[in-house]
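What follows is the residue order along each chain.
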Amino acid sequence: MSPPAAVRRLFDWKIRGVRWIEIIGVVCVAAMLCSVYLVKAGAQREATRMAELEADIAEDRQRVRLLRAEAARLESPARLDALSKGLGLAPIDADQRVQEAELDEVEPAPEAPTVPVEETAQ
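Residues numbered from 1 in each chain as written. Predicted model: local features only at pLDDT ≥ 70, side-chain atom pairs only at ≥ 80, totals over all residues. Heavy atoms only, no water.

Q: Describe in detail the overall build of the protein chain, supporting the description with residues and values.
A: Counting its regular elements, the protein chain contains three helices and two strands. Moving toward the C terminus, one meets the helices and strands of the protein chain in the order α-β-β-α-α. Looking at the protein chain as a whole, 2% of its 122 residues qualify as buried. As displayed, the protein chain has an accessible area near 12,100 Å², and 61% of this comes from carbon and sulfur atoms. (Helix = DSSP H or I, 4+ residues; strand = E, 2+ residues; numbered from the N terminus. Buried < 20%, exposed > 50% of the residue type's maximum accessible area, 1.4 Å probe, protein only. Areas by Shrake-Rupley, 256 points an atom, 1.4 Å probe, with all protein chains shown as cover.)

Structural data, given as structure tokens:
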């Protein structure tokens, strides 16, 4: 079975000695090469961006570790005990509890004096 006449004419049609189908093939190959180049360049940009993000994540993890260590140091019982003793604070003794009948005799703690806030001129 022979190909139809239109297809045969397409394969036989020539432009300056080059068949039309060969020109289409070269254009398709060139288009594929350009698309592969563009995809490869895009993948390289994404890989660079991923490396930057991974470096940022590693840096943030290091900061978290340092902040946790600092929080542990600030919350250490020995440090808090030393600070409270320096301020003259002490834990409540068991005999400092007051019975319900004695509540009327206990004086409330004096309120801190309020300092008026000066309004700033605008």
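We are not done yet, so read on.
Q: Account for a nonpolar patch on the surface, with residues named and values stated.
A: Together, V29, M32 and L33 make up a nonpolar patch on the protein surface, roughly 310 Å² of accessible area in all. Tracing the sequence through the fold places V29 in helix 2 (residues 20–74). The exposure class assigned to V29 is partly exposed, which follows from its relative accessible area of 44%. (Patch = residues over 30% accessible without salt bridge, like charges linked within 9 Å, V, L, I, M, F, W, Y side chains within 5 Å. Salt bridge = Lys/Arg side-chain N within 4 Å of Asp/Glu carboxyl O.)

Q: So what's going on with the pattern of salt bridges? Which residues, and what values?
A: A complete count under the given rule lists five salt bridges for this structure. E52 is paired through a salt bridge with R49; the nearest N and O atoms lie 3.8 Å apart. One end of the pair is E52 and the other is R49, both in helix 2 and three residues apart, which spans about a single turn. Looking at E52, the relative accessible area reads 42%, which means it is partly exposed. The class of R49 is partly exposed, set by a relative accessible area of 44%. Note that R73 and E70 form a salt bridge whose closest N and O atoms lie 2.8 Å from each other. Of this pair, R73 and E70 both sit in helix 2, three residues apart, roughly one helical turn. Salt bridges sharing partners connect three or more residues here, namely E59, D60 and R63.

Q: Explain the confidence of the model for the protein chain to me, and be specific about the residues and the numbers.
A: Residues with a pLDDT of 70 or more make up 77% of the protein chain, whose mean pLDDT is 83. Mean pLDDT values for the elements of the protein chain range from 66 in strand 1 (residues 14–15) up to 95 in helix 2. (pLDDT = per-residue confidence, 0-100.)

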